Amino acid sequence: MELIQETSDLSAYLAADEVVDHHHPLVRETAARLAEGAVDSYAYARSAFEYVRDAIPHSHDSGDLRVTWRASDVLERRTGICHAKAHALAALLRAEDIPTAFCYQKFDEVHGLVAVRFRGAWHRQDPRGNKPGVDAQFSLDGERLAFAPDPKSNGLDYPVLYAEPHPAVLSVLKAAPDRLSLWRTLPTAL
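Residues numbered from 1 in each chain as written. Predicted model: local features only at pLDDT ≥ 70, side-chain atom pairs only at ≥ 80, totals over all residues. Heavy atoms only, no water.

A. Spotlight on the sheet that holds strand β5 (residues 156-157). Read from one edge to the other, the open sheet built from four strands follows the order β4-β3-β2-β5, with strand pairing classed as antiparallel. The sheet is open, and its two borders are formed by β4 (121-125) and β5, each paired with just one other strand. Of the strand pairs in this sheet, strand β3 (residues 110-118) and β4 are connected by five bridges, and their pairing is antiparallel. Its bridge partner being in β4, F118 is matched across the sheet by A121. Packing of helix α5 (residues 82-95) onto the sheet brings it into contact with β2 (100-106) and β3, and relative to β3 it is tilted by some 15°. (Pairing = 2+ DSSP bridges. Helix = DSSP H or I, 4+ residues; strand = E, 2+ residues; numbered from the N terminus. Contact = heavy atoms within 4.5 Å. Axes fitted to C-alpha atoms, helices over the stretch in contact; angles between N-to-C directions.)

Given below as structure tokens:
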């Protein structure tokens, strides 16, 4: 699948906003701590990915009913669904000047992940969190995502790389009083 940038302006994939608040002190502190042991931007990106994947439980897997959507809140509360974890990873990567896009897959509902730009190309990464049957890994040499859509079940990969989280996803994250309500309102398509 060919990934398509929503905008040709690469600086849009480095921007901060209310969701990807990479200027927030907690995001900066976390990024600095992760950068200490990294020899280059690739090692930092892998470290940030593994931190979000492993240290922040997916709220469905852990049974946490709280809904997070702002990157700093995900890091502070240490919980989030795939979309929230993608927001946190994007903030950590953008904090270190690594262009990061939001991208999506369709299953029963829309699943969120990110793409990072290295070696002149975009590479999708899924920080959802591993569990039995899910083994997502950071990779620039072939995708190692949590899930592969099944076209027979109307699953698909959306090719667009968004500079900001998709409004249909963000609006339901912001409006949901808890994860159970969120599950009923997540978009089933973009």
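B. Quick peek at unusual backbone geometry. Even without being a glycine, R78 presents a positive backbone phi close to 55°. Mapped onto the elements, R78 comes out in the loop between α4 (71-77) and α5. At R119, a residue that is not glycine, the phi angle is positive and equals roughly 55°. Relative accessible area serves as the criterion here: at 63%, R119 is assigned to the exposed category. (Buried < 20%, exposed > 50% of the residue type's maximum accessible area, 1.4 Å probe, protein only.)

C. Molecular detail of the nonpolar core. Membership of the largest hydrophobic core comes to 48 residues, with the highest contact counts inside it found for Y44, L92, L93 and L182. By residue number, the principal contributor to this core is α5, which donates nine residues. With residues up to four places along the chain from it excluded, the contact list for L182 reads V67, I81, V172, L173 and A176. Counting nine residues, the second-largest nonpolar core is a separate cluster that includes Y13, C103, A115 and W122. (Core = buried A, V, L, I, M, F, W, Y, C linked by side-chain atoms within 4.5 Å.)

D. Representation of helix α6 (residues 167-175). Listed as buried for α6 are V169, L170, V172 and L173. Looking down the long axis of α6, one finds its buried residues gathered within 165° of arc, a one-sided arrangement. For α6, the exposed residues set more than 90 degrees away from the buried face come down to P167 and A175. Residues of α6 that are buried in the fold lie against α5, β2, β3 and α7 (179-185). (Arc of directions from axis to C-beta.)

E. The arrangement of the state of the cysteines in detail. Scanning the entire structure with this criterion turns up zero disulfides. Its sulfur unpaired, C103 is 11 Å from the next cysteine sulfur, which belongs to C82. (Disulfide = S-S within 2.5 Å.)

F. Structural detail: the pairing of β3. Counting buried residues along β3, eight of its nine residues qualify, which places the element largely inside the surrounding structure. One ladder, built from seven bridges, connects β2 with β3; its direction is antiparallel. Each residue of the ladder has a partner; that of K106, found in β3, is V110. Here β2 folds back onto β3, and the loop between the two strands holds three residues. The turn linking β3 back onto β4 is made up of two residues, and R119 within it adopts a positive phi angle of 55°.

Any functional reading would require information that these geometric values do not contain.
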